[in-house]
Amino acid sequence: MYEHWTGRFHGACSTIGWCAALNVLVLAFTLFGGVVLGVGPALAAAYALSRRHHRGEAVRPLRDFAETWRREFWRGNAVILPVVAAGTILWLNYSALSALGPDAAPARLASLLGLIVMIGIAAHIGPMYAHFDLPSRQYILTASRFALAQPASTIILLFVFAAAAFTSAVFPVLVLSVSIGAWIHTSTWLCQRFYAENERRLAAGTEDLPEHTTVGALPAEPLRMR
């Protein structure tokens, strides 16, 4: 029993340390790229290393992150930067509308719904970028299709993101220490399972799927992403 709990404690500490390392690397290489041109490849590298870590592969955090950041600089910016920019614009728009009071309630609600949809799509971009080799222009479209075709997985990611955002808002120091890495680590782990289940359903064919799917039947039909 003692060894069982010590093993769990060691595993938890190892995971926290890994998330903290990812957090530091993302922030450092985002700044190294001048923020605007650094955030895309930094997130691409973080998701790539997180995927390797979940698969049990050996990872040299600093060296592998730097190599991936450099290799994915232009492509990472082309795929991820537009998503980050769109999410930032929607957040700023929602914040501005929130300051206008009750008169802006309809516009604020519309902005909030748009932001939620954007977060649901964006939550798939990083893990999908690390998992699938697609043409750059197809990632956003494929992530959008998957987020809408598999709403159960998107809802789970939204709840995890909301929990991470709320905790970080209450304790801002976590943003600088662990919360970004924890989100990347957790969303990668979840999406690996979502994609594996999607591939399993595709391989099994559609004969076992219901003839008609509704909003209440989650997840919906599997999506071919390659």
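Note that this is a predicted model, so its numbers are computed, not measured.

S.K.: What's the story with the overall build of the chain in this structure? I'm lost.
M.R.: A tally of regular secondary structure across the chain gives nine helices and zero strands. Counted from the first residue to the last, the chain has its helices and strands arranged as α-α-α-α-α-α-α-α-α. For the chain, the exposed area adds up to about 12,800 Å²; of that, 69% sits on carbon and sulfur atoms.

S.K.: For this particular structure, what's the right way to read a nonpolar patch on the surface?
M.R.: There is a patch of nonpolar side chains on the surface, built from Leu31, Val35, Val36 and Leu37 and spanning about 370 Å² of accessible area. Secondary-structure assignment places Leu37 in the loop between helix 1 (2-32) and helix 2 (39-54).

S.K.: Whenever I open this one, the confidence of the model for the chain confuses me. Can you help?
M.R.: Caution is warranted with low-pLDDT regions, since their predicted coordinates should not be read in detail. For the chain, the average pLDDT comes to 87, and 88% of its residues sit at 70 or higher. Across the chain, the element-wise mean pLDDT spans from 86 in helix 1 up to 96 in helix 2.

S.K.: What am I meant to see in the environment of Ile119 here?
M.R.: Inspection of the secondary structure puts Ile119 in helix 5 (residues 105-131). Classification of Ile119 as partly exposed rests on a relative accessible area of 21%. Taking the C-alpha atoms as reference, Ile119 lies 9.1 Å from Val83; in sequence the two are 36 residues apart. Excluding residues that lie within four positions of it along the chain, Ile119 makes contacts with Leu158 and Phe161.

S.K.: Can you help me understand the nonpolar core in this one?
M.R.: Burial of nonpolar side chains together is a common tendency in soluble globular proteins. Of all hydrophobic cores here, the largest spans 39 residues; its most connected members are Phe65, Trp69, Met128, Leu157, Ile184, Phe194 and Tyr195. Where this core is concerned, the elements lending two or more residues are helix 1, helix 2, helix 3 (61-71), helix 4 (73-98), helix 5, helix 6 (138-149) and helix 9 (179-204). It is helix 2 that provides the largest number of residues to this core, a total of eight residues. Contacts of Leu157, omitting those with residues within four sequence positions, involve Ala123, His124, Trp183, Ser187, Leu190, Cys191 and Phe194.

S.K.: Can you walk me through the packing of helix 6 against helix 7 (residues 151-170) in this structure?
M.R.: At a minimum axis separation of 5 Å, helix 6 and helix 7 run at an interaxial angle of 100°. In terms of orientation, helix 6 and helix 7 fall into the roughly perpendicular class. For the pair formed by helix 6 and helix 7, the contact residues are Phe146, Ala147, Leu148 and Ala149 on the first element and Pro151, Ser153 and Thr154 on the second. Its residues assigned to classes, the contact of helix 6 with helix 7 shows five nonpolar, two polar and no charged.

S.K.: Explanation requested: the side chain of Thr188 in the structure shown.
M.R.: Mapped onto the secondary structure, Thr188 falls in helix 9. Residue classification places Thr188 among the buried residues on the basis of a relative accessible area of 1%. When near neighbours in sequence (up to four residues on either side) are disregarded, Thr188 contacts Tyr47, Ser50, Arg51, His54 and Pro127.

S.K.: Any chance you could explain the pattern of salt bridges here in plain terms?
M.R.: Two side chains that carry opposite charge are able to pair once their charged atoms sit near each other. Considering all chains together, one arrives at eight salt bridges under this definition. Measuring nitrogen to oxygen at the nearest pair gives 3.2 Å for the salt bridge that ties Asp64 to Arg52. You can see Asp64 sitting in helix 3 and its partner Arg52 sitting in helix 2, a full 12 residues away along the chain. Classification of Asp64 as buried rests on a relative accessible area of 3%. Residue Asp133 pairs with Arg75 through a salt bridge whose shortest N-O separation is 3.9 Å. With a gap of 58 residues between them, Asp133 in the loop between helix 5 and helix 6 and Arg75 in helix 4 connect regions that are remote in the sequence. What you see here is one network of salt bridges that share partners, running through Arg52, Arg55, Glu57, Arg60 and Asp64.

S.K.: What should I look at first to understand unusual backbone geometry in this one?
M.R.: Glycine aside, residues mostly have negative phi, and peptide bonds are mostly found in the trans state. Look at Val35: it is not a glycine, yet its phi comes out positive at around 70°. Along the chain, Val35 turns up in the loop between helix 1 and helix 2.

S.K.: Would you explain the packing of aromatic side chains in this entry?
M.R.: Here a ring pair, both rings aromatic, is described through the centre-centre distance and the interplanar angle of the planes. Under the definition given, this model contains 11 aromatic pairs. When the centroid spacing of 4.8 Å and the interplanar angle of 90° are considered together, the rings of Phe73 and Trp74 count as edge-to-face. A relative accessible area of 16% places Phe73 in the buried class. Aromatic rings pair up to connect Phe29, Phe32, Phe65, Trp69, Phe73 and Trp74 into one cluster.

What counts, and where the lines are drawn
Residues numbered from 1 in each chain as written. Predicted model: local features only at pLDDT ≥ 70, side-chain atom pairs only at ≥ 80, totals over all residues. Heavy atoms only, no water. Helix = DSSP H or I, 4+ residues; strand = E, 2+ residues; numbered from the N terminus. Areas by Shrake-Rupley, 256 points an atom, 1.4 Å probe, with all protein chains shown as cover. Patch = residues over 30% accessible without salt bridge, like charges linked within 9 Å, V, L, I, M, F, W, Y side chains within 5 Å. Salt bridge = Lys/Arg side-chain N within 4 Å of Asp/Glu carboxyl O. pLDDT = per-residue confidence, 0-100. Buried < 20%, exposed > 50% of the residue type's maximum accessible area, 1.4 Å probe, protein only. Contact = heavy atoms within 4.5 Å. Core = buried A, V, L, I, M, F, W, Y, C linked by side-chain atoms within 4.5 Å. Axes fitted to C-alpha atoms, helices over the stretch in contact; angles between N-to-C directions. Parallel < 35°, antiparallel > 145°, perpendicular 65-115°, else oblique. Nonpolar A, V, L, I, M, F, W, Y, C, P; charged D, E, K, R; others polar. Phe/Tyr/Trp six-rings, centres within 6.5 Å; stacked < 30°, edge-to-face > 60°.

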